[in-house]
There are 2 protein chains.
Amino acid sequence: MQKKVTIYDIAREAGVSTATVTRVVAGHPSVKAATREKVQRVIDAHAYSPSASAQHLEGGQTRTLAMIMPGVQNPYFARIYATAYAEAQAHGYYVWLFQIGEHNPISGELVDELIRRRMDGVLFAGGIWSTRRSGLAEAVARFRHHMPVAVVCPPSMELDCICIHSDLVSCSRLPVRHLHALGHRRIAYIGGSMQLEDTSRRGEGFLEELRALGLADDPAYHVDTGFDAEGGERAVLRMLSGLPRKRWPTAIIAFNDQVALGAMRQLKQMGLRLPEDMAIIGCDNQFFCPYVDPALTTVDLHPEEMTRSAVRELLVAREGGAQSLTLMREASLIVRESCGTALGYRHLG
Amino acid sequence: MQKKVTIYDIAREAGVSTATVTRVVAGHPSVKAATREKVQRVIDAHAYSPSASAQHLEGGQTRTLAMIMPGVQNPYFARIYATAYAEAQAHGYYVWLFQIGEHNPISGELVDELIRRRMDGVLFAGGIWSTRRSGLAEAVARFRHHMPVAVVCPPSMELDCICIHSDLVSCSRLPVRHLHALGHRRIAYIGGSMQLEDTSRRGEGFLEELRALGLADDPAYHVDTGFDAEGGERAVLRMLSGLPRKRWPTAIIAFNDQVALGAMRQLKQMGLRLPEDMAIIGCDNQFFCPYVDPALTTVDLHPEEMTRSAVRELLVAREGGAQSLTLMREASLIVRESCGTALGYRHLG
DNA sequence: AGATGAAATGTTATCGGTAACATATCTTTG
DNA sequence: CAAAGATATGTTACCGATAACATTTCATCT
């Protein structure tokens, strides 16, 4: 690590003014070839490159979008991040990721930090944000004084910013209808957390759909145990052990694919055959879905598309476009093996 | 978005000098309570916060570490990133993630950008870096002129920086010995890519170990088809369809857990029972390992520990500590169901 | 050769902060 | 009450770059 070298050092050593160095660095054509070469040699010799901070101070942009999410260890968010990164890059921007964990509110310090660092925009991702306790509304309000904000999440409270929502109605309706059409009448819902608005909303959508089909919405068929595979295991154990065998559900809808995975494990452990004895539907269409046994039927919320829209709208907003709008994306059901076929369920009729 | 407000605006409106504003912001005790309050009110009213760029320009650090890796969609790297983020945060630093994809060399522009942005250090992660074609050596050399560098990866070429390696010997030996002890004699290795130094090294370590145990290292037992589940599927299909049934391996070691997952799927599809007809060992101990069927035996490289060391050493280096050193971490075998037990394999003896 | 205009390069104010140093305002005390 | 010392606040050079504007150099043409 050599001492830091500034544009003045280069200018002095090359025997030119700083303006000429700037011109050489910027590739401005008005520099004589001989001068350019001379300066470039000095630049190379010292591995000089201009300070982004100084450039930014002098009227520049940071060309950076901040992305705030629970965490990238959840493959769903990893997909969102990767998409945002690629989309931003295509527009000449960088994305800086900040993860705050699945249960923490958005800290005021983080908001401060990002304002101080003069991000060109902020992207939120995550269902968790919907909670009032998350402080999302406050964070958005504070950011909005300084930069455009986009939120990729399920619909929740009204937010005065760019909101890209997934359609929770289709997200609940699709799997319930599918199971109903296959003959299922006792359908359970596991995972998520009633404390978090998003996940409870999804639960509500599920219940509404059941009622619409004239099915019982037995509270025993609803266990919220979080977002990971271990939670899925626990949910199944708790639900089935609290119920006489004849009242067991014949199908389970999981909050996400990890929860479904854990549920499948536990069900097998209890000696059930999948999908014959229990149908399962996950959510998020994660990479492992086609590879587990049975291959997992799931709901795709199309986070990539939503994220791309969010990035684009954010950049449009930067250029003076709409600072506040709402877009909604429908979900799709990806049918694999974990629900079997109608045929396999004849006996349920 | 209001017009950007500077320290001068605050000073003027509060009727004090900029120095006083700085003092209030920094919480310096020498400001009279009345003044502090007056200034704070103006700050709050305008949602003012000092520009990090200006602060950095004036002697400050960026308190930012850059992390360069293939991509966070691979759960192995997601773990590494999350660990680095947490560890850095504990020391008051932020981590900025840059992903370059699994097959791209490290671009010169990225290196430039990070030098321009005056990162306080760079962290590389990923086996892929080991390839000469990746340009890792050049990138490290360029960074080293400006900041300390740490690399978390398998051992590869000599790098003049902080190198945190996993022990490929234990990584190969552990699964092979385990399978051998269970009675397996025909052991295959799938996944990875011979073009990438790391993965071919792991393949070599595997072969060496086979030879050490006096087993044949049949090239038909080695198929490299990449890093994901789909590659695992392909590998199994290609390997088994090219071999008469009696020469089929009785165990497969996969490059990573995703590859193992794909392989399991394909094996089941071909009617094999797991683990009775085929034992499988993965690598990375990813979250889904305990939940697939059968639960996947795997190797844990302990990326978290390595990453924590890397971050710590990087920060030590910043303070003038060693800029170049090498640490090596042994791997562990995590035994689950996918190899069965010795008993189950009696017939193999 | 001298005028003219284009091309190449230099000078300097500016961006938004910080902190060393200077100054002004209070207490305290003989 | 004046002097001394402590406390609070102000002034200003500087950090590293950029770009508007000024100046110099050079080729071209009458």
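Residues numbered from 1 in each chain as written. Chains lettered and ligands numbered in written order. Predicted model: local features only at pLDDT ≥ 70, side-chain atom pairs only at ≥ 80, totals over all residues. Heavy atoms only, no water.

Colleague: Give a description of the protein's contact with DNA strand D that names residues and reports values.
Modeller: Taken together, 28 residues lie around DNA strand D, and Ile7(A), Thr22(A), Ser17(B), Arg23(B) and Thr35(B) are the ones closest in. Among atoms of DNA strand D positioned within 4 Å of the protein, sugar and phosphate together represent 61%. In this structure, Ala54(A) approaches DNA strand D through a main-chain N or O atom, which is 3.5 Å from a base nitrogen. A distance of 2.7 Å separates a phosphate oxygen of DNA strand D from a polar backbone atom of Ser17(B). Broken down by secondary-structure element, the contributors of at least two residues to the surface near DNA strand D are helix 1 (7–14), helix 2 (18–26) and helix 4 (52–57) of chain A together with helix 2 (18–26) of chain B. No other element matches the 4 residues that helix 2 of chain B contributes to the surface near DNA strand D. (Near = heavy atom within 4 Å. Polar contact = N/O pair within 3.5 Å; in protein donor to acceptor, adjacent residues only side chain to side chain. Helix = DSSP H or I, 4+ residues; strand = E, 2+ residues; numbered from the N terminus.)

Colleague: Pulling in residues and values, what's your account of the domain arrangement of chain A?
Modeller: According to the domain assignment, chain A consists of domain 1 (7–58), domain 2 (63–167 + 302–330) and domain 3 (170–301 + 334–343). Taken over C-alpha atoms, the centre of domain 2 of chain A sits 29 Å from the centre of domain 3 of chain A. (Domains from an automatic or database assignment.)

Colleague: Residue-level account of the layout of surface pockets, with values.
Modeller: Any empty space left between atoms is shown by rolling a water-sized probe over those atoms. Reported here for the largest pocket is a volume of approximately 1500 Å³. In terms of lining, the largest pocket is formed by 42 residues, of which the most central are Val5(A), Ser49(A), Pro50(A), Ser51(A) and Arg118(B). Elements represented by at least two residues in the lining of the largest pocket include exactly helix 1, helix 2, helix 3 (33–46) and helix 4 of chain A together with helix 4 (52–57) and helix 6 (108–116) of chain B. Counting residues per element, the lining of the largest pocket draws most heavily on helix 6 of chain B, which supplies 5 residues. Partitioned by chemical class, the residues of the lining of the largest pocket number 16 nonpolar, 14 polar and 12 charged. (1 Å grid on protein atoms, 1.4 Å probe; cavity = no way out; pocket = protein on both sides within 12 Å on 5 of 7 lines; lining within 4 Å. Points joined across faces, edges and corners; volume = space filled by probe spheres on them. Nonpolar A, V, L, I, M, F, W, Y, C, P; charged D, E, K, R; others polar.)

Colleague: Describe the pairing of strand 2 (residues 94–99) of chain B, naming the residues involved and giving the relevant values.
Modeller: Residues and elements named next belong to chain B. Most of strand 2 is tucked away: 6 of the 6 residues are buried. Every second residue of strand 2 is oriented toward a common face, with Tyr94, Trp96 and Phe98 on one face and Val95, Leu97 and Gln99 on the other, all of them buried. Bridge count for strand 1 (residues 64–69) against strand 2 is 6 bridges, and the pairing is parallel. Looking across to strand 2, one finds that threonine 64 is bridged to tyrosine 94. (Buried < 20%, exposed > 50% of the residue type's maximum accessible area, 1.4 Å probe, protein only. Pairing = 2+ DSSP bridges.)

Colleague: So what about the sheet that holds strand 11 (residues 325–329) of chain B? Which residues, and what values?
Modeller: All names here are of chain B. Across the sheet, which stays open at both edges, the 6 strands sit in the order 2-1-3-4-5-11 with parallel pairing between neighbours. The open sheet terminates on both sides in strands that have one partner only, identified here as strand 2 and strand 11. Strand-to-strand, the axes of this sheet are offset by a mean angle of 15°, without reference to chain direction. Summarising the sheet, strand 4 (residues 149–153) and strand 5 (residues 162–166) pair through 4 bridges and their orientation is parallel. Bridge pairing in strand 5 places valine 152 opposite isoleucine 164. (Axes fitted to C-alpha atoms, helices over the stretch in contact; angles between N-to-C directions.)

Colleague: Lay out the packing of helix 5 (residues 75–90) of chain A against helix 12 (residues 303–318) of chain A in plain terms, naming residues and giving numbers.
Modeller: Residues and elements named next belong to chain A. Following both chains from N to C, one finds helix 5 and helix 12 inclined at 40°, their axes separated by 9 Å at the closest point. Between helix 5 and helix 12, the crossing angle belongs to the class labelled oblique. Note that helix 5 runs across helix 12; the crossing there is right-handed. Here Tyr76, Arg79, Ile80, Thr83, Ala84, Glu87 and Ala88 of helix 5 come into contact with helix 12, specifically with Pro303, Glu304, Met306, Thr307, Arg308, Val311 and Arg312. Each residue belonging to the contact of helix 5 with helix 12 can be placed in one class, and the counts come to 7 nonpolar, 2 polar and 5 charged. (Parallel < 35°, antiparallel > 145°, perpendicular 65-115°, else oblique. Left-handed = near helix turned anticlockwise from the far one by under 90°. Contact = heavy atoms within 4.5 Å.)

Colleague: Can you break down the protein's contact with DNA strand C residue by residue, with the values?
Modeller: As a structural note, the neighbourhood of DNA strand C is formed by 28 residues, with Ser17(A), Arg23(A), Thr35(A), Ile7(B) and Glu58(B) the closest of them. Among the atoms of DNA strand C lying within 4 Å of the protein, the sugar-phosphate backbone contributes 58%. The side chain of Tyr8(B) places a nitrogen or oxygen atom 2.8 Å from a base nitrogen of DNA strand C. Glu58(B) is positioned such that a nitrogen or oxygen atom in its side chain is 2.7 Å from a base nitrogen of DNA strand C. Counting residues per element, the surface near DNA strand C draws most heavily on helix 2 of chain A, which supplies 4 residues. Of the residues belonging to the surface near DNA strand C, the class tally is 11 nonpolar, 12 polar and 5 charged.

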